[in-house]
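Structure at a glance
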Amino acid sequence: MGMMSEFKEFVAKGNVMDLAVGVIIGAAFGKIVTSLVEDVITPALLTPALKAAQLENIEQLKTDGGILYGKFLGAVIGFIVIAFVIFLLVKGVNSMRRKEEEAPAAPPAPSNEEKLLMEIRDALKNR
């Protein structure tokens, strides 16, 4: 029973749940980016080049030796798009954090010791 309760405690921690949510959202985001790259960006950018090479799909690009460099190019384009989108996300989060940090905080109220020192200072000024 000790192992099960320890496992429940481990799973119930916030970090594990946050990680699980992050993995699920990451997988869904990966599918969206894959579709964006394969269905929108690659055809838009490479259609003229593919037509000139008389190909329909970038993955058909290969050398005479059978090396499929078209798949590699598709992976590189996918990486660049993912990296750019992540850059934009991080940039947005950082700008939101900076705006929160820029808001001036109200100065803290003086402590009892500081109040006492101010009274002593004022009393010495009046002499």
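About the criteria used
- Residues numbered from 1 in each chain as written.
- Predicted model: local features only at pLDDT ≥ 70, side-chain atom pairs only at ≥ 80, totals over all residues.
- Heavy atoms only, no water.
- Core = buried A, V, L, I, M, F, W, Y, C linked by side-chain atoms within 4.5 Å.
- Buried < 20%, exposed > 50% of the residue type's maximum accessible area, 1.4 Å probe, protein only.
- Helix = DSSP H or I, 4+ residues; strand = E, 2+ residues; numbered from the N terminus.
- Domains from an automatic or database assignment.
- Contact = heavy atoms within 4.5 Å.
- Buried area = accessible area lost by both parts, 1.4 Å probe.
- Salt bridge = Lys/Arg side-chain N within 4 Å of Asp/Glu carboxyl O.
- Polar contact = N/O pair within 3.5 Å; in protein donor to acceptor, adjacent residues only side chain to side chain.

Here we look at the nonpolar core
V33, V37, L46, L50, L61, I77 and V81 together form the largest nonpolar core, which totals seven residues. The set of elements that each furnish at least two residues to this core consists of α2 (14–52) and α3 (69–102). Counting contributing residues, this core receives three or more from each of domain 1 (1–55) and domain 2 (57–126).

Examining the domain arrangement of the protein
Domain assignment breaks the protein into domain 1 (1–55) and domain 2 (57–126). In this structure, domain 1 and domain 2 have C-alpha centres spaced 21 Å apart. Listed by partner, the interface residues are nine residues for domain 1 and ten residues for domain 2. In total, domain 1 and domain 2 occlude about 860 Å² of area from one another, counting both sides; carbon and sulfur atoms represent 88% of this. Taken as a group, F29, V37 and L55 account for 46% of the area that domain 1 buries against domain 2, more than any other trio of residues on that side. Taken together, domain 1 and domain 2 are joined by zero salt bridges. Viewed at the interface, domain 2 and domain 1 are joined by zero residue pairs in polar contact (both at pLDDT 80 or more).

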